[in-house]
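Close look at the chain arrangement
Below, each chain spelled out in residue letters.
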Amino acid sequence: MNQAFDLRSGELHIEVHKFRAGAIVFAVAFALVLQAFLPVYFPKAATLDLPLLITIYFGLSRRNPSTGLLLGMVVGILQDSLSGPTVPLGLYGIAKTVIGYLASSIGARLDTEHPAARFALTIGFYVVHQGLIAITQRLLLSQPERWFTLHLGTAALVNALVAVFLFMFLDRLRKPS
Amino acid sequence: MLLDSMAGIPSRHRSLFLLGGVVLLQVLLLAVQIKRDSQGRLIRVWTVGAVSPFERAGAHGISHVRDTWNHYFALQNTSRDNEQLKRENDSLKLQITQLQSKAAEADRLAVLLKFRQTNVDVPMVSARVIGGSADSASQTIYLDRGSRDGIRQNMGVITPDGVVGKVIESYRDTSQVLLLTDKDSGVGAMLVDSRIQSPVGGTGEPLLVMKYIPNDDDVNSGERVVTSGMDRIFPRDLPVGTIAEIKPGNPFKQIRVRPAANLERLEEVFVLLTMKPLELKRDSPAPNSTTPSAGAPSASVSSPGAPEKP
């Protein structure tokens, strides 16, 4: 069971999951490698944002806003550095920092184990993530970026669908409670 | 240090402050990059250096898997594709052969046309070879022109390369030509260099024979042989062939002549439509040719008594 009622605080207490040693590092590295590698052979794979999904998953599972936002920052800056000179360091970093914080904060308050909840949350996080990137580009980099496109909506759905299965796989990396 | 400085902040707001600090740091990082036009090269080098070995391994793996799949499993349509490609290949080969044939025909016709234009005042008609002799003993061909086109018996047949033979039968739309290589064929000829005259005849073989050249006369291998005009069929100085072999004989040399015209692959020819003496012009003299211009006085005849077949 992931949920338990904490009598001392009188609040709903949600279990914090711990992972096997190196699981987070391995998952982050694997996601970054795939993100840089897959579109070369399967161009449609560029729709996926695996580093974002990893950030969301560990944010929701660890349920600690501080570690969530730091993980998001590291993942985002690494993604920036793999994205080539057109993407300045910090573009994805800022967006994923915020997503890491939000995911951890929401994970501490809601049940995020159900596939439907994960699907819906991933759509929301994806849209927020793209919105943050658009804000950063417009305000800080003076680059015109469209707020919403049909492609963004499709990509949000695809990422959410992939997230459901990816999160089920990542659940296996948890330490048994 | 950042966490120490946050010691005074209530715990539930610490993460919010941390978020603000981290985002602010990254905004500053962005600003620095824009201001200095720097791209954070060091971080990029480290990241790419760490990731590229995995990418290389992945690329190798995917290439291996893809090759295996394409060469061993994804072969459903290979047989059908192969059949289709074979059919296309056969069709293209046929087209190439047809085009090559047409190109060769165009080349031949161009040569004929040029020859005809050079001798526009000489009455002659072009004809296509439509058949050969039915037996191997005689060397004859059939042309697609006959008496209706003015062709008569004993008219000369030539190509731009040289003498072919003479008409032996003329039908309404067809005529039969006895080739120079036939054993009953002959043409009045002479050597270009020495101007020695002697008939050249066929033996039924690819090479011709030049008869009645005494052993004392000087004849060189490779010397050109042209028509002498003495047979009253062919104009003077038409190429007959070149001397291929010379052997001493008794009382005459045994001289073999390679025909100038390719008598084994004739497709288009000209029939000279007159029995009167003619003067044909040549485009350009052949190398080593010492042939006098048409109409020049001929050299002495070495074998005055030598018979010539008409």
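Now for a look at the structure at hand. (Residues numbered from 1 in each chain as written. Chains lettered and ligands numbered in written order. Predicted model: local features only at pLDDT ≥ 70, side-chain atom pairs only at ≥ 80, totals over all residues.)

1. A word on the overall build of chain B
Each helix and strand in chain B was counted, giving 4 helices and 12 strands. Within the span of chain B, comprising 310 residues, buried residues form 28% of the whole. Pairs at least 24 residues apart make up 59% of the contacts formed inside chain B by residues separated by at least 6 positions. (Helix = DSSP H or I, 4+ residues; strand = E, 2+ residues; numbered from the N terminus. Buried ≥ 20, exposed ≤ 12 C-beta atoms within 10 Å, placed from the backbone. Contact = placed C-beta atoms within 7 Å.)

2. Considering the sheet that holds strand β8 (residues 208–210) of chain B
Residue and element names in this part refer to chain B. Read around the barrel, 6 strands follow the order β6-β7-β8-β11-β10-β9 and close on themselves; strand pairing throughout is antiparallel. Pairs of neighbouring strands in the sheet enclose a mean axial angle of 40 degrees, with direction left out of account. Here 3 bridges tie strand β9 (residues 224–227) to strand β10 (residues 239–247), and the two strands are oriented antiparallel to one another. Counterpart to V225 in the pairing with β10 is G241. (Pairing = 2+ DSSP bridges. Axes fitted to C-alpha atoms, helices over the stretch in contact; angles between N-to-C directions.)

3. Digging into the interface of chain B and chain A
Between chain B and chain A, the contact holds 22 residues from the first and 23 residues from the second. Of the residues forming the side of chain B that touches chain A, the biggest block, 11 residues, is contributed by helix α2 (residues 11–36) of chain B. Across the side of chain B that touches chain A, the residue classes break down as 12 nonpolar, 7 polar and 3 charged. (Nonpolar A, V, L, I, M, F, W, Y, C, P; charged D, E, K, R; others polar.)

4. Looking at the pairing of strand β6 (residues 186–191) of chain B
All names here are of chain B. The buried count for β6 comes to 6 of 6 residues, which makes it a mostly enclosed element. Side chains G186, G188 and M190 of β6 all project onto a buried face; the interleaved residues V187, A189 and L191 project onto the opposite face, where all are buried too. Sheet analysis places β6 next to strand β7 (residues 197–201), joined by 5 bridges and oriented antiparallel. Looking at the pairing, A189 lines up with S198 of β7. Linking β6 back to β7 in an antiparallel pair, the connection comprises 5 residues, with R195 at a positive phi of about 60 degrees. For β6 and β9, the ladder comprises 3 bridges, and the chain directions are antiparallel.

5. Brief notes about the pairing of strand β4 (residues 162–170) of chain B
Residues and elements named next belong to chain B. Of all 9 residues that make up β4, 7 are buried, and the element is covered over most of its length. Where strand β3 (residues 156–159) meets β4, 4 bridges bridge the pair, whose relative direction is antiparallel. Residue T159 lies in a different strand from β4, and its bridge partner there is G162. Taking the residues that link successive antiparallel strands as the turn, the β3-β4 hairpin has 2 residues. Taken together, β4 and the strand that follows it, strand β5 (residues 175–179), pair antiparallel across an intervening segment of 4 residues.

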